[in-house]
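Coordinates in review
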Amino acid sequence: MDDSNRVIVVGGGPVGMITGLALASEGVPVTVLERLAGIPTDHRASTLHPSTLAMLEPLGMTGEALRRGLRSPRFQFRDRAGGEIVAEFDYALLAGETPFPFALQLEQHKTTGIAEARARRFDCFDLRREHEVVDLRLTADGVEVEFGLPDGSTGVLAGRYLIGCDGGRSAVRKAAGIDFPGFTWEERFIIVSTRFDFGAANGYRYRNYIAHPDQWCAIIKVPGERDEGVWRALFPAFTDQPDAEVLADEWIQARFAECLPYDPPYEIEHRNLYAIHQRVAASFRRGRAMLAGDAAHVNNPVGGMGMNSGIHDGLNLAGKLAAIWRGDGDDDLLDLYDRQRRPMAEKYVQAQSIRNKEMLGERDPDIRRRRFDELRRTADDPGAARAYLRRSSLIAMVEEADAIT
């Protein structure tokens, strides 16, 4: 693929790779530029919601994901201070409107790998690893991307359109001069994995959110590298605690002892500490450069909405670019992409993830009680619970976005 008649996707994570696959499946020439030599296996996103499973099915990804993932038909909210299960939500309430009435637990790097394997079947798909984008130029009829290689040399790649899927520190967003307003949480988050079986020990589901005014946590099961079953624990860590202290065994074992009714030590397999932001780009488009996924919006991970909404961005945009390629539309469709996806990031992804996180760590006892009572009432009312599940699994977001013209 030597000419400029292509879409350039910057970033080969789940959003970039799935967007590239979607474009290639429509016959659109696409080049994916990824700065890393391989798919990183660090512990980040791990949940595919029902809406996402349905959207990935036409790409041939869903069957393989189901084979490799863990089906999670229910999830819980617990109150550690009161020692109770506050609410449990059952995806069976969605059985009439989705063929996938469950969430699927599958590590992000496996989802990315499934997409890459399918994309490589298309002659019009081109993946170039160890290409780090350093600048871009927008022209009247296309884009030029400057990249650096491991040997210190540089190059330029031209294309008709550019999609930045290169994460929260997006070089595409910065080079395009698009603002990224929002805020950074006071806490950092640390993800710790262990093979201790919380499900067998105390009836945990595959997704569990455990509230406490001082030390909340989330416990989620993923398949693991050898399909042995690994549990991930998510803890907050405040910024006055040095990284080395938070990453140390002593600190981690103390958090397990606080949050869970079992005696440490736990065998720790992985640990990953990172800052958390809530931000939405001022625009998802600048000329022929678009943003998707974390490059366009970032949020805290409580509820598993970030990767899913990013995949939705990419598939929405790929469909519009395919229509432009076929001659069924023009660049006005790219404005429609911004109108459909940016408000949804604010209304659903930001609002729900902020509410989830605040509920887990709420310190005011009256506010905590009111929020727990509301959550109980919602879970106990099938109609309200169904509406909650439609929002939290992003089904409602997809429908509302598609209705925008």
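Quick look at the overall build of the chain
- Counting its secondary structure elements, the chain contains 13 helices and 20 strands.
- Relative to a compact globule of 405 residues, whose C-alpha radius of gyration would be 22 Å, the chain shows 21 Å and is just as compact.
- Viewed in the frame of its principal axes, the chain has a C-alpha envelope of about 60 × 50 × 40 Å.
- Considering the chain as a whole, with its 405 residues, one finds that 55% of them fall into the buried category.
- Partitioning the contacts of the chain with sequence separation of at least 6, the portion at a separation of at least 24 is 73%.
- Entry remark: accessible area of the chain is about 16400 Å², with carbon and sulfur atoms responsible for 46%.
- Put simply, the chain has 51 plus and 61 minus side-chain charges, and the middle of one group is 2 Å from the middle of the other.

Description of the nonpolar core
- Counting residues in each nonpolar core, the largest one holds 67 residues, and the members touching the most others are Leu23, Leu162, Ile163 and Leu321.
- For this core, the element with the highest residue contribution is helix α9 (residues 306–326), accounting for eight residues.

Points about helix α11 (residues 365–380)
- Helix length check: α11, at 16 residues, gives a terminal C-alpha distance of 22 Å against a target of 22 Å (1.5 Å per residue), a fit within 8%.
- Taken together, the buried positions of α11 are Arg368, Phe372, Leu375 and Thr378. Angularly, the buried residues of α11 cover 120° about the axis, an arc narrow enough to put them on a single face. Away from the buried face of α11 by more than 90 degrees, exposed residues Arg370, Arg377 and Asp380 are located.
- Two to three positions downstream of the cap, the backbone nitrogen of Asp366 sits 2.9 Å from a side-chain oxygen, assigning the N-cap of α11 to Asp364.

Re the sheet that holds strand β4 (residues 70–72)
- Spatially, three strands are ordered β3-β7-β4 in an open sheet, and the strand pairing comes out antiparallel. Of all strands in the sheet, those bounded by a partner on one side alone are β3 (47–48) and β4.
- The pairing of β4 with strand β7 (residues 103–105) spans three bridges and is antiparallel. For Arg71, the partnering residue across the bridge sits in β7 and is Leu104.

Focus on the side chain of Arg288
- Take Arg288: it is sitting in the loop between β18 (285–286) and β19 (289–291).
- At 3.1 Å, the side chain of Arg288 forms a polar contact with the backbone oxygen of Asp141.
- When neighbours within four sequence positions are excluded, Arg288 is seen to be in contact with Ala140, Asp141, Gly142, Val143, Arg160, Tyr161, Leu162 and Asp331.

Overview of unusual backbone geometry
- Here Glu130, not a glycine, exhibits a phi torsion of approximately 55°, which is positive.
- As for its position among the elements, Glu130 is in the loop between β8 (125–129) and β9 (132–139).
- Note on Glu130: relative accessible area 37%, which makes it partly exposed.
- Even without a glycine there, the phi angle at Leu394 is positive, about 70°.

As for the pairing of strand β17 (residues 268–280)
- The sheet contact formed by strand β13 (residues 182–194) and β17 spans ten bridges and is antiparallel. In the strand pairing of β17, Val192 is matched with Arg271.
- Bridge count for β17 against strand β20 (residues 297–298) is two bridges, and the pairing is antiparallel. If you follow Val280 over to β20, its bridge partner there is His297.

Rules used throughout
Residues numbered from 1 in each chain as written. Predicted model: local features only at pLDDT ≥ 70, side-chain atom pairs only at ≥ 80, totals over all residues. Heavy atoms only, no water. Helix = DSSP H or I, 4+ residues; strand = E, 2+ residues; numbered from the N terminus. Rg over C-alpha atoms; globule rule 2.2 N^0.38 Å. Buried < 20%, exposed > 50% of the residue type's maximum accessible area, 1.4 Å probe, protein only. Contact = heavy atoms within 4.5 Å. Areas by Shrake-Rupley, 256 points an atom, 1.4 Å probe, with all protein chains shown as cover. Lys, Arg positive; Asp, Glu negative; His and termini not counted. Charge placed at Lys NZ, Arg CZ, Asp CG, Glu CD. Core = buried A, V, L, I, M, F, W, Y, C linked by side-chain atoms within 4.5 Å. Expected span 1.5 Å × (residues − 1). Arc of directions from axis to C-beta. Polar contact = N/O pair within 3.5 Å; in protein donor to acceptor, adjacent residues only side chain to side chain. Pairing = 2+ DSSP bridges.

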